[in-house]
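So you can see what is in the structure, the chains are spelled out below.
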Amino acid sequence: PMASKSQSKSSKKPKTTKASLSGERGVVMNGAEILVASLEREGVEYIFAYPGGCSMPLHQALTKSTKIRTILPRHEQGGGFAGKAGVCMATSGPGATNLVTCIADAYMDSVPLVAITGQVPQEMIGRGAFQETDFFGMTLPIVKHSYLVWDINDIPRIIKEAFHIALSGRPGPVLIDIPKNIQNQ
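Remember, it's a predicted structure, so these values are computed and weren't measured experimentally.

Could you give me a rundown of the environment of Gly93, with the residues and numbers involved?
For Gly93, the position within the fold is in the loop between strand S3 (86-90) and helix H6 (94-97). Remark: the alpha-carbon pair of Gly93 and Gly52, spanning 41 residues in sequence, is separated by 9.7 Å. In contact with Gly93, not counting residues within four places along its chain, are Gln131 and Thr133.

Before we move on, could you go through unusual backbone geometry and cite the residues and values that matter?
Glycine aside, residues mostly have negative phi angles, and peptide bonds mostly take the trans form. You will see that Ser110, though not glycine, has its phi angle at about 55°, which is positive. Along the polypeptide, Ser110 turns up in the loop between helix H7 (100-108) and strand S4 (113-119). With a relative accessible area of 23%, Ser110 lands in the partly exposed category.

Please set out the nonpolar core residue by residue, giving values where relevant.
Formed by 31 residues in total, the largest nonpolar core has its most connected members in Leu35, Leu39, Ile47, Ile116, Ile155, Phe163 and Ile176. For this core, the secondary-structure elements that each account for two or more residues are helix H3 (31-41), strand S1 (46-49), helix H4 (56-62), S3, S4, helix H9 (155-167) and strand S6 (173-179). The element best represented in this core is H9, accounting for seven residues. If near-sequence neighbours (up to four positions away) are discounted, Ile176 is found in contact with Val114, Ala115, Ile116, Thr117, Tyr147, Val149, Ile158, Ile159 and Ala162.

Requested: an account of the pairing of S4, with residues and values cited.
Along S4, seven of the seven residues are buried, which leaves the element largely enclosed by surrounding structure. Of the two faces of S4, the one lined by Leu113, Ala115, Thr117 and Gln119 and the one lined by Val114, Ile116 and Gly118 are each fully buried.

Tell me about the sheet that holds S6, and please be specific about residues and values.
A sheet is described by the order of its strands in space; here six strands give the open sequence S2-S1-S3-S4-S6-S5, paired in parallel fashion. Across the chains shown, the open sheet's two edge strands, defined by having one partner strand only, are strand S2 (69-71) and strand S5 (145-148). Neighbour to neighbour, the strand axes of the sheet diverge by 20° on average, direction disregarded.

Hey, could you go over the packing of H3 against H9 for me, with residue numbers and the actual values?
Relative to each other, H3 and H9 sit at 35°, their axes nearing to 9 Å. The element H3 and its partner H9 pack so that their crossing is right-handed. Every residue of H9 that contacts H3 at Gly31, Ile34, Leu35, Ser38, Leu39 and Arg41 is listed here: Ile155, Pro156, Ile159 and Phe163. Residue composition of the contact of H3 with H9, by class: seven nonpolar, two polar and one charged.

Let's hear about the pattern of salt bridges: which residues, and what values?
Under the defined criterion, the tally for this structure stands at four salt bridges. A salt bridge links Glu33 to Lys64; its shortest N-O distance comes to 3.2 Å. Linking Glu33 in helix H3 with Lys64 in the loop between H4 and S2, this pair joins segments that are 31 residues apart in sequence. Note on Glu33: relative accessible area 23%, which makes it partly exposed. Look at Lys64 and you get exposed, because its relative accessible area is 59%. Asp154 is the salt-bridge partner of Arg157, the closest N and O atoms lying 3.8 Å from each other.

Could you give me a rundown of H9, with the residues and numbers involved?
The end-to-end C-alpha distance of H9 is 18 Å, a good match for the 18 Å that 13 residues give at a rise of 1.5 Å each. What H9 keeps buried is the set Ile155, Ile158, Ile159, Ala162, Phe163, Ile165 and Ala166. Along H9, the residues classed as buried sweep out an arc of 165° about the axis, all on the same side. Exposed and oriented more than 90 degrees from the buried face of H9 are Lys160 and His164. Packing partners of the buried residues in H9 comprise H3, S3, S4, S5, S6 and helix H10 (180-184). Just beyond H9, the residue with positive phi is Gly169, at close to 55°.

Parameters and conventions
- Residues numbered from 1 in each chain as written.
- Predicted model: local features only at pLDDT ≥ 70, side-chain atom pairs only at ≥ 80, totals over all residues.
- Heavy atoms only, no water.
- Helix = DSSP H or I, 4+ residues; strand = E, 2+ residues; numbered from the N terminus.
- Contact = heavy atoms within 4.5 Å.
- Buried < 20%, exposed > 50% of the residue type's maximum accessible area, 1.4 Å probe, protein only.
- Core = buried A, V, L, I, M, F, W, Y, C linked by side-chain atoms within 4.5 Å.
- Pairing = 2+ DSSP bridges.
- Axes fitted to C-alpha atoms, helices over the stretch in contact; angles between N-to-C directions.
- Left-handed = near helix turned anticlockwise from the far one by under 90°.
- Nonpolar A, V, L, I, M, F, W, Y, C, P; charged D, E, K, R; others polar.
- Salt bridge = Lys/Arg side-chain N within 4 Å of Asp/Glu carboxyl O.
- Expected span 1.5 Å × (residues − 1).
- Arc of directions from axis to C-beta.

Set out below in structure tokens:
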């Protein structure tokens, strides 16, 4: 009988206080939601995004934003020719490669651009997965900087750095490639 009393005491839920409700740690978000919140903090008002399988979590997170308007271009290339520090997004593989023209143009014309691409899950990178391309490597000669996100905790820093790099010095494009498992994590 004594053991069952101590078990029932330990299984009771702790009392919730106002301080714990304020959430010192904040709201729990997945990678796609962290990316959208980071874009909002950078003042992004529009994103030109063409959907696809490896970027769907990002698109779903964008539907919850009240600050960012998603514009569907007719083609990925059209999404790259956007505003102040333009933000465009495409899925992996052929969707990402369709951004090469606008990224190269942004590089040659010194246009600040943050290009976000979905990527196959981390465990599939380098294994010839469906719609996998080494977009990071492919764009190295035509971007100021490239990121391949390996850790969900790096997303806010990467977004902040990407906008800084795209807008500072000679403006130009920055690539952020995000594996699907990081978006869903």
